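In case you want the letters, here they are:
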2 protein chains.
Amino acid sequence: MGPKKRISTAVIHRLPKYYRHLGELIDTGVQRISSRDLSLRMRVTASQIRQDLNHFGGFGQQGYGYNVNTLYNEIGKILGLGKIHNIVIVGAGNLGQALAHYQYFRHRGFHIIGMFDKDEAQIGKKIGDIEVMDVDALPAFLKENNVEIGAIAIPKSEARRMAEILVENGVKQIWNFAHLDLHLGDDVIVENVNLTESLMRLSFRAALEKKK
Amino acid sequence: MGPKKRISTAVIHRLPKYYRHLGELIDTGVQRISSRDLSLRMRVTASQIRQDLNHFGGFGQQGYGYNVNTLYNEIGKILGLGKIHNIVIVGAGNLGQALAHYQYFRHRGFHIIGMFDKDEAQIGKKIGDIEVMDVDALPAFLKENNVEIGAIAIPKSEARRMAEILVENGVKQIWNFAHLDLHLGDDVIVENVNLTESLMRLSFRAALEKKK
DNA sequence: ATATATTTTGACATAATAGTAACAATGGTA
DNA sequence: TACCATTGTTACTATTATGTCAAAATATAT
């Protein structure tokens, strides 16, 4: 079972977008949709939608299209939703706190169950309903709790070491906000969010636009 | 002048990474580097580095490689750095505050000069050294200040309207953290940061990994 | 109820794009 | 001067996206 072929990063980027648009369609009461109508809405080609979805199975029906609810649920399953994913955040600074407050994650099954910092001033502080713990307590916490995802929200000087502690204690998914590349082994998945790079891409595209 | 061919998004994603790695090399005192050595460091092919850089000009020298400082500065120029980019943040919630506190942006010339919110409880609050203003004052602020980038850090219900206000008042670059697609005209550049989608990609890749 | 037209998928063929390899040209180095 | 390292460029390969169409299901007409 499972997909026969490798899934390209381009497809991986589109999957959550399909999911989001299908969710919006459900909210507006749409029950079925053709690849063509979805393509108009999402500004991609219908062919691409059909091809993307067929990596995972034939969810549509000739002459009818796709049942919005079914497709939404199927893509949810493909994305690994529909179960609880526990997260710990390393770093209780502004970014860590913002992540902890973000409501959307919980709606999708991503539960933040621990926050850690090395700064005495942060330890003991309550962020929402979770208390910031001493980073020294992280290994013990990981052993006692089923943590899937470790979010790295600290400066890069400490980031690698903390990522290694996470991995040593069984965490296989790293959500990395620090400005460095983490190579933690073939079985560890790293998803990078680098806001400075994002700003630079924006700036680059603006610079290009001006030249035209 | 300017690049002859369209620059692919793949290249746009790599440019800030080149910049980051070159910065790190400068910090460690490295003066010159070959595409091969850089390729080992960055885990891409040397061929790709040479091809990427040659979109913008021949910065290297046969038999020598690239001068790290020169290349760093050239890529900086290409990315539109080396000048001040003023930003306003719409939304002074946790995410907006985290962005405002983030120090790295300023180091790269991205200056946050205004924050806006519609919530009475936020208005007047000081985030670092800037005061949160009433969102009603945004159009006037945009007319009086040279704002290049508008960051959207509010829920999607209000996001489109606020983005339109930014664009109507001359902002051509939108940094969008809201969970919707903004289509604001051909000359408006939108850079999306969708943290929920980022988590879903992580979750998807983890689900794939388990199947193997 | 049945036949016919229409819609739309899934699969495959084709086109476009992106990445890698190869190598002549060229400046640095011994 | 001769050799070596390494680029910039071109050719090639791989990947990704798009177009096409038979097959299948729905919708419509009779």
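Refer to the structure printed above.
Reference entry: report on the structure contained in this document. Here, residues in each chain are numbered from 1, in the same order as that chain's written sequence. Labels follow written order: the first chain is A, the first ligand is 1, and so on. This being a predicted model, a pLDDT of at least 70 is required before a residue's local features are given, and a value of 80 or more before pairs of side-chain atoms are given or counted; all residues contribute to the totals for chains, interfaces and linings. Hydrogens are left out, water is left out, and the side-chain values use all remaining heavy atoms of the structure.

## Overview of the pairing of strand β4 (residues 85-90) of chain A
Residues and elements named next belong to chain A.
Here is step 1 of the chain: The cut-offs for exposure are 20% and 50% of the maximum accessible area for each residue type, with area from a 1.4 Å probe on protein chains only; residues under the lower value are buried, those over the upper are exposed, and the others partly exposed. A helix here means a DSSP run of H or I that spans at least four residues, while a strand means a run of E at least two residues long, and both kinds are numbered starting from the N terminus. Counting buried positions along β4 yields 6 of 6 residues, so the element is predominantly enclosed.
Here is step 2 of the chain: Both faces of β4 are covered, namely the face carrying His 85, Ile 87 and Ile 89 and the face carrying Asn 86, Val 88 and Val 90.
Here is step 3 of the chain: By the bridge criterion, 6 bridges tie β4 to strand β5 (residues 110-117) in an arrangement that is parallel. Within β5, the residue paired with Val 88 across the bridge is Gly 114.
Here is step 4 of the chain: Paired strands, as defined in this entry, are two strands with at least two bridges between them according to DSSP. Taken together, the 4 bridges between β4 and strand β8 (residues 149-152) define a ladder with parallel strand orientation. Note that in β8 the partner of Ile 87 across the bridge is Ile 149.

## Regarding the packing of aromatic side chains
Here is step 1 of the chain: To pair, rings of Phe, Tyr and Trp, with the six-membered ring standing in for Trp, must have centres within 6.5 Å; the planes then decide the type, stacked if under 30 degrees apart, edge-to-face if over 60, and tilted in the middle. The full count for this structure, using the stated rule, is 14 aromatic pairs over all chains.
Here is step 2 of the chain: For the pair Tyr 102 of chain A and Phe 105 of chain A, a centre-to-centre distance of 4.9 Å together with 50° between the ring planes defines the contact as tilted. Taken individually, Tyr 102 of chain A and Phe 105 of chain A each receive the classification buried, so the pair is uniform in this respect.
Here is step 3 of the chain: Between the aromatic rings of Phe 116 of chain B and Phe 141 of chain B, the centroid separation amounts to 5.3 Å while the plane-to-plane angle is 70°, which identifies the pairing as edge-to-face. With Phe 116 of chain B in strand β5 (residues 110-117) and Phe 141 of chain B in helix α7 (residues 138-144), this residue pair connects regions lying 25 residues apart in the sequence. You'll find Phe 116 of chain B and Phe 141 of chain B in the same group, each marked buried.
Here is step 4 of the chain: Only when the NZ atom of a Lys or the CZ atom of an Arg is both within 6 Å of the ring centre and within 35 degrees of the ring normal do we say a charge sits over the ring. The cationic tip of Arg 32 of chain B hangs over the ring face of Tyr 64 of chain B; the distance from NZ or CZ to the ring centre is 4.4 Å.

## Considering the relation of the copies chain A and chain B
Here is step 1 of the chain: For these two chains of identical sequence, chain A goes onto chain B by a turn of 180° and a shift of 0.0 Å along the axis, with RMSD 0.0 Å. Taken together, the turn and the small shift mark the pair as related by a two-fold rotation axis. Within chain A, the C-alpha atom positioned nearest to the axis of rotation is that of Ala 98 of chain A, 3.1 Å from it.
Here is step 2 of the chain: Any pair of residues with heavy atoms lying within 4.5 Å of one another is described as a contacting pair. Taken as a fraction of all interface residues of chain A, those also at the interface in chain B reach 100%, which identifies the copy contact as same-surface. Our superposition of the copies is a least-squares fit, built on the C-alpha atoms of residues whose pLDDT is at least 70 in both.

## Structural notes on the nonpolar core
Here is step 1 of the chain: Joining through side-chain atoms within 4.5 Å is the link that ties buried Ala, Val, Leu, Ile, Met, Phe, Trp, Tyr and Cys residues into a set, and such a set is a nonpolar core. Trp 175 of chain A together with Trp 175 of chain B are the most contacted members of the largest nonpolar core, which totals 98 residues.
Here is step 2 of the chain: Discounting chain neighbours no more than four positions away, the residues touching Trp 175 of chain A are Leu 99, Phe 105, Ile 149, Gly 150, Ala 151, Ile 152, Glu 191 and Val 193 of chain A together with Leu 195, Ser 198, Leu 199 and Leu 202 of chain B.

## Some words on the sheet that holds strand β6 (residues 126-127) of chain B
Residues and elements named next belong to chain B.
Here is step 1 of the chain: The strand order β6-β7-β5-β4-β8-β9-β10 describes an open sheet built from 7 strands, whose pairing is mixed. Every other strand in the sheet has two partners, leaving β6 and β10 (189-192) as the edge strands with one partner each.
Here is step 2 of the chain: Helix α5 (residues 94-101) contacts β4 (85-90), β5, β6 and β9 (173-176) of the sheet and is inclined by roughly 155° relative to β5.
Here is step 3 of the chain: For every element, the axis is a line fit to its C-alpha atoms; helices are fit only across the contacting stretch, and the angle between N-to-C directions ranges from 0 to 180 degrees. Strands β4, β8 (149-152) and β9 of the sheet are contacted by helix α8 (residues 156-168), whose axis makes an angle of about 170° with β8.

## Regarding the protein's contact with DNA strand C
Here is step 1 of the chain: Residue proximity to a molecule or strand is established when one non-hydrogen atom of the residue lies within 4 Å of it. Inspection of the region around DNA strand C gives 26 residues, with Ser 35, Arg 50 and Tyr 66 of chain A together with Ser 47 and Gln 51 of chain B positioned closest.
Here is step 2 of the chain: Here DNA strand C approaches the protein such that, of its atoms within 4 Å, sugar and phosphate make up 54%.
Here is step 3 of the chain: With respect to DNA strand C, the side chain of Arg 32 of chain B contributes an N or O atom lying 3.3 Å from a phosphate oxygen.
Here is step 4 of the chain: Distance and chemistry together define a polar contact, namely a pair of N or O atoms within 3.5 Å, with one atom able to donate a hydrogen and the other to accept it when in protein, and with adjacent residues in sequence counting only for side-chain atoms on both sides. Contact between DNA strand C and Thr 45 of chain B: a phosphate oxygen at 2.9 Å from a side-chain N or O atom of the residue.

## Observations regarding the protein's contact with DNA strand D
Here is step 1 of the chain: Near DNA strand D lie 26 residues; those nearest to it are Thr 45 and Ser 47 of chain A together with Ser 35, Arg 50 and Tyr 66 of chain B.
Here is step 2 of the chain: The sugar-phosphate backbone supplies 61% of the atoms of DNA strand D found within 4 Å of the protein.
Here is step 3 of the chain: Note that a phosphate oxygen of DNA strand D is positioned 3.1 Å from one of the side-chain N or O atoms of Arg 32 of chain A.
Here is step 4 of the chain: Side-chain polar atom of Gln 48 of chain A to a sugar or linking oxygen of DNA strand D: 3.4 Å apart, as the coordinates give it.
Here is step 5 of the chain: Put simply, the parts of the chain that give the surface near DNA strand D at least two residues each are α1 (9-27) and α3 (46-54) of chain A together with α3 (46-53), β2 (60-61) and β3 (65-67) of chain B.
Here is step 6 of the chain: A total of 4 residues in the surface near DNA strand D trace back to one element, the largest contributor, which is α3 of chain A.
Here is step 7 of the chain: Note on residue categories: nonpolar means Ala, Val, Leu, Ile, Met, Phe, Trp, Tyr, Cys or Pro, charged means Asp, Glu, Lys or Arg, and polar means any other residue, Gly included. Among the residues making up the surface near DNA strand D, the classes are represented as 4 nonpolar, 17 polar and 5 charged.

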